[in-house]
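A closer look at the structure
Given next are the chains, with one letter for each unit.
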Amino acid sequence: MRRNAVAVVGAAETTELGVIPNMSQLQLHADAALNAIKDAGLKLSDIDGIATAVETPQQIAHYLGITPTWVDGTSVGGCSFMLHVRHAAAAIEAGLCKTVLITHAESGKSMIGKAPRSIPADSLQGQFEAPFGVYGPPSMFPIPVLRYMKTHGITHEQIASVAVVQREWAAKNPRATMKAPITVEDVLNSRMIAYPFRILQCCLVTDGGGALIMTSAERAKDFPHKPVYILGTGESVETPMVSQMKTFDSSRAFTVAGPTAFREAGIAHSDVDHLMIYDAFAHLPLYGLGDLGFMPHEETGKFIADGNTRPGGKLPMNTNGGGLSYMHSGMYGMYALQESVRQMRGIAPAQVPGAKISVCHGVGGMFAASGTVIFTNEA
Amino acid sequence: MTPPLPGENNDMAEASRARPKPTPETQHFWDGTQAGELRLQRCDECANVYFPPRPFCPSCASRKVSVFKASGRGTLYSYVINHRPAAPGFTPPYAIAVVELEEGPRLMSNILDCPQTPEALVLDMKLEVAFEKLDDAITLAQFRPAKG
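Residues numbered from 1 in each chain as written. Chains lettered and ligands numbered in written order. Predicted model: local features only at pLDDT ≥ 70, side-chain atom pairs only at ≥ 80, totals over all residues. Heavy atoms only, no water.

**Some remarks on the side chain of Arg147 of chain A**
Along the chain, Arg147 of chain A turns up in helix 6 (residues 145-152). Note on Arg147 of chain A: relative accessible area 8%, which makes it buried. Polar contacts involving the side chain of Arg147 of chain A include one to the main-chain carbonyl oxygen of Leu76 of chain B, which spans 3.4 Å. Excluding its chain neighbours within four sequence positions, the residues that come into contact with Arg147 of chain A are Phe248 and Asp249 of chain A together with Leu76, Tyr77, Ser78, Leu123 and Asp124 of chain B. (Helix = DSSP H or I, 4+ residues; strand = E, 2+ residues; numbered from the N terminus. Buried < 20%, exposed > 50% of the residue type's maximum accessible area, 1.4 Å probe, protein only. Polar contact = N/O pair within 3.5 Å; in protein donor to acceptor, adjacent residues only side chain to side chain. Contact = heavy atoms within 4.5 Å.)

**What about the interface of chain B and chain A?**
At the interface, 50 residues of chain B touch 59 residues of chain A. In this assembly, chain B packs against chain A so that about 4,400 Å² is buried in total across both faces, 64% of it on carbon and sulfur atoms. Here chain B is connected to chain A by two salt bridges. Here Arg147 of chain A makes a salt bridge to Asp124 of chain B, at a shortest N to O gap of 2.7 Å. Viewed at the interface, chain A and chain B are joined by 19 residue pairs in polar contact (both at pLDDT 80 or more). When residues of the side of chain B that touches chain A are assigned to their parent elements, the largest contribution, seven residues, is made by strand 4 (residues 73-82) of chain B. Tallied by class, the residues present in the side of chain B that touches chain A amount to 32 nonpolar, 11 polar and seven charged. Where strand 5 (residues 192-195) of chain A and strand 4 of chain B come together, two bridges link them in antiparallel fashion. Paired with Tyr195 of chain A across the strands is Ile81 of chain B, a residue of strand 4 of chain B. (Buried area = accessible area lost by both parts, 1.4 Å probe. Salt bridge = Lys/Arg side-chain N within 4 Å of Asp/Glu carboxyl O. Nonpolar A, V, L, I, M, F, W, Y, C, P; charged D, E, K, R; others polar. Pairing = 2+ DSSP bridges.)

**Let's talk about the environment of Ser161 of chain A**
All names here are of chain A. Positionally, Ser161 belongs in helix 7 (residues 156-170). Note: C-alpha distance between Ser161 and Ile304 (143 residues apart in sequence) is 6.8 Å. Every residue in contact with Ser161, bar those within four places of it in the chain, is listed here: Val184, Ile304 and Ala305.

**Focus: the sheet that holds strand 11 (residues 369-376) of chain A**
Residue and element names in this part refer to chain A. Pairing within the open sheet is mixed, and its nine strands lie in the order 3-2-4-7-1-8-11-10-9. A strand with exactly one partner marks an edge of an open sheet, and here the two such strands are strand 3 (70-72) and strand 9 (274-277). Direction aside, the axes of adjacent strands within the sheet are offset by 20° on average. For strand 2 (residues 49-52) and strand 4 (residues 100-107), the ladder comprises four bridges, and the chain directions are parallel. Along strand 4, the bridge assignment pairs Thr52 with Thr103. Of the strands in this sheet, strand 8 (228-237), strand 10 (357-364) and strand 11 touch helix 10 (residues 252-265), which is tilted by about 150° from strand 8. (Axes fitted to C-alpha atoms, helices over the stretch in contact; angles between N-to-C directions.)

**Topic: the nonpolar core**
Ranked by internal contacts, the top residues of the largest apolar core, which has 143 residues, are Met214, Leu289 and Phe375 of chain A. Ala30, Ile66, Ala211 and Ile213 of chain A belong to the second-largest nonpolar core, a separate cluster that totals 24 residues. (Core = buried A, V, L, I, M, F, W, Y, C linked by side-chain atoms within 4.5 Å.)

**Remarks on the packing of helix 10 of chain A against helix 11 (residues 284-291) of chain A**
Residue and element names in this part refer to chain A. Close contact between helix 10 and helix 11 brings their axes to 9 Å; oriented N to C, the two are set at 55°. It follows from the interaxial angle that helix 10 and helix 11 lie oblique. Seen from above, helix 10 lies across helix 11 with right-handed handedness. On the side of helix 10, the interface is formed by Phe254, Thr255 and Pro259, while helix 11 contributes Leu284, Tyr287, Gly288 and Asp291. Residue classes in the contact of helix 10 with helix 11 are distributed as four nonpolar, two polar and one charged. (Parallel < 35°, antiparallel > 145°, perpendicular 65-115°, else oblique. Left-handed = near helix turned anticlockwise from the far one by under 90°.)

Here you go:
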């Protein structure tokens, strides 16, 4: 795709984040969508493209009263919204639609209007993973981490430092769920969930949503906010079964999505001012730093433990506090995108001064899918 | 993320562990475990050994594939020791492991006859298949520390 041909012109989260017991999941979508439409200075009738995940596009379109000319229901887990951004950029470039609304919302904590998840007993996961006692993401996502640590020489303390650094960022963010400072010792003494991971290395479970509005760069100049351009994108999938990943030393989906986005953007890693790596669990930023090519995997743990991603560090990462401390409704990708857009607009609560390029990398399922979006505020 | 919760579709009346239901493509595997064999598939064209079962080679797309009895020997590739939430029918803490088979493929397993502790569960330790009967229809291929 052409660089900077499409831009984000509207971005907003739900009015509240955290515990929202008075709103269904569907209404959370609408709340985020209406906030984003207001942010962009548009009317609902201006929207001619719609993308969403888990909820269907027809559900969201009908609820909002939109009859679109382009829809995308790609639903590959928490990074679905990175893929929506990529697909929307291509659709706008191709002339299939002019103004796209991407919505996410999840009543992850309150579970209002949220369909129960289930795995059929005759699916491959139902036959070859479920019988062994996997039960939700905490029992599955950390399965690769002991192998990763052994291969790359990563320590428990280094992975614990991910949670510590992100809490530092969260402390600067009024909307973050968890703000109290923590230490590596706190992390390593917190309640065991699935060895080697403890509660402070697992994401939050909250309610919330977010929405983005995209249009061509040409039209973007007429909107109230500074356009945030799409510089490069990438996507891939590997397997819905964590046990069947090609290797636990790396994520194959990451190594396709990330480098594709960097090539498309035509940037070097040293050009990156701000980085979001979807942190459902504390090992993900390490995989991301390695698989996106910032450094060899062997150096990722030390890089974070040494403070390079913390406030004032040379590579500010997960500056909203991340899924570990900001919020995590179940599909966190939208919140990572929102933070990248805030940073590019220059309005983030923990703003990285002068940031011009933001890399936003997401995961779906247990390393099942991946999407990367590289933003810039320079046309 | 956003993954379904395996086991959530279980009969809630009894908190029993998730039971697999074979399909036409996987029936040979489940017939094998009932007969005390760990059965894998090998491509007749390119010799690729693969898992989970399917009637074609995921490496070269050939439909000429054969089922064979695997050695049952493997090593511990990685694991978690799950504390909470525990799946129905499991008493925490219990290890959920991925075993690397001698023939190449990996599969998920519990580790039987072994303390469920980091000290006892050492990566790359040798394992051997152990068949665990769930009911008259289903026997699981599990693993335990190799003897000798």
